[in-house]
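Here is how the chains run, residue by residue.
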Amino acid sequence: MFTPKHGSWLNLVEGLFSKMARSLLRSIRVASKKELKARILAYLDDLNREPVVHTWTYKINTGA
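Model, not experiment: these values are computed from the prediction. (Residues numbered from 1 in each chain as written. Predicted model: local features only at pLDDT ≥ 70, side-chain atom pairs only at ≥ 80, totals over all residues. Heavy atoms only, no water.)

Novice: Break down the overall build of the chain for me, with residues and values.
Specialist: On a plain count of helices and strands, the chain comes out with 2 helices and 0 strands. Residue burial in the chain is summarised as follows: out of 64 residues, 8% are buried. Taken as a whole, the chain presents about 6,200 Å² of accessible surface, with 57% of it coming from carbon and sulfur. (Helix = DSSP H or I, 4+ residues; strand = E, 2+ residues; numbered from the N terminus. Buried < 20%, exposed > 50% of the residue type's maximum accessible area, 1.4 Å probe, protein only. Areas by Shrake-Rupley, 256 points an atom, 1.4 Å probe, with all protein chains shown as cover.)

What follows is the structure, encoded as C-alpha cells:
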C-alpha cells in the first residue's frame, strides 16, 4: 500500500472531524457529557453502516 507524501491518514481524520462538526455538533444542545458521548457514538455507528473505502492514487510525472 502506498501513501503519498502530500496526503496522510491525518488528512482523513481531520476531514471526519470537520464533517462531524458541521453536520452534528453545530446544531445540538446537550445536558451532559454522557449525552454528548452517546450522540457522537450514534453518529459514528450511523456513518459506519455504509463505509467508504479510500484508495490512495499517485501519478508519477516522468517529465517526458
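Novice: Describe the packing of helix α1 (residues 9-23) against helix α2 (residues 33-48), and please don't skip the residues or the numbers.
Specialist: Two packed helices can be described by the angle between their axes and the distance between those axes. Here α1 crosses α2 at 115°, and the two axes come no closer than 12 Å. Between α1 and α2 the crossing geometry is right-handed. Residues Leu16, Lys19, Met20 and Ser23 of α1 form the contact with α2, whose participating residues are Ile40, Tyr43 and Leu47. When the residues that make up the contact of α1 with α2 are grouped by side-chain class, the tally is 5 nonpolar, 1 polar and 1 charged. (Axes fitted to C-alpha atoms, helices over the stretch in contact; angles between N-to-C directions. Left-handed = near helix turned anticlockwise from the far one by under 90°. Contact = heavy atoms within 4.5 Å. Nonpolar A, V, L, I, M, F, W, Y, C, P; charged D, E, K, R; others polar.)

Novice: I'd like a description of a nonpolar patch on the surface, backed by residues and values.
Specialist: A cluster of nonpolar residues, Trp9, Leu10, Val13 and Phe17, forms a patch on the protein surface that exposes about 440 Å² of accessible area. Mapped onto the elements, Val13 comes out in helix α1. (Patch = residues over 30% accessible without salt bridge, like charges linked within 9 Å, V, L, I, M, F, W, Y side chains within 5 Å. Salt bridge = Lys/Arg side-chain N within 4 Å of Asp/Glu carboxyl O.)

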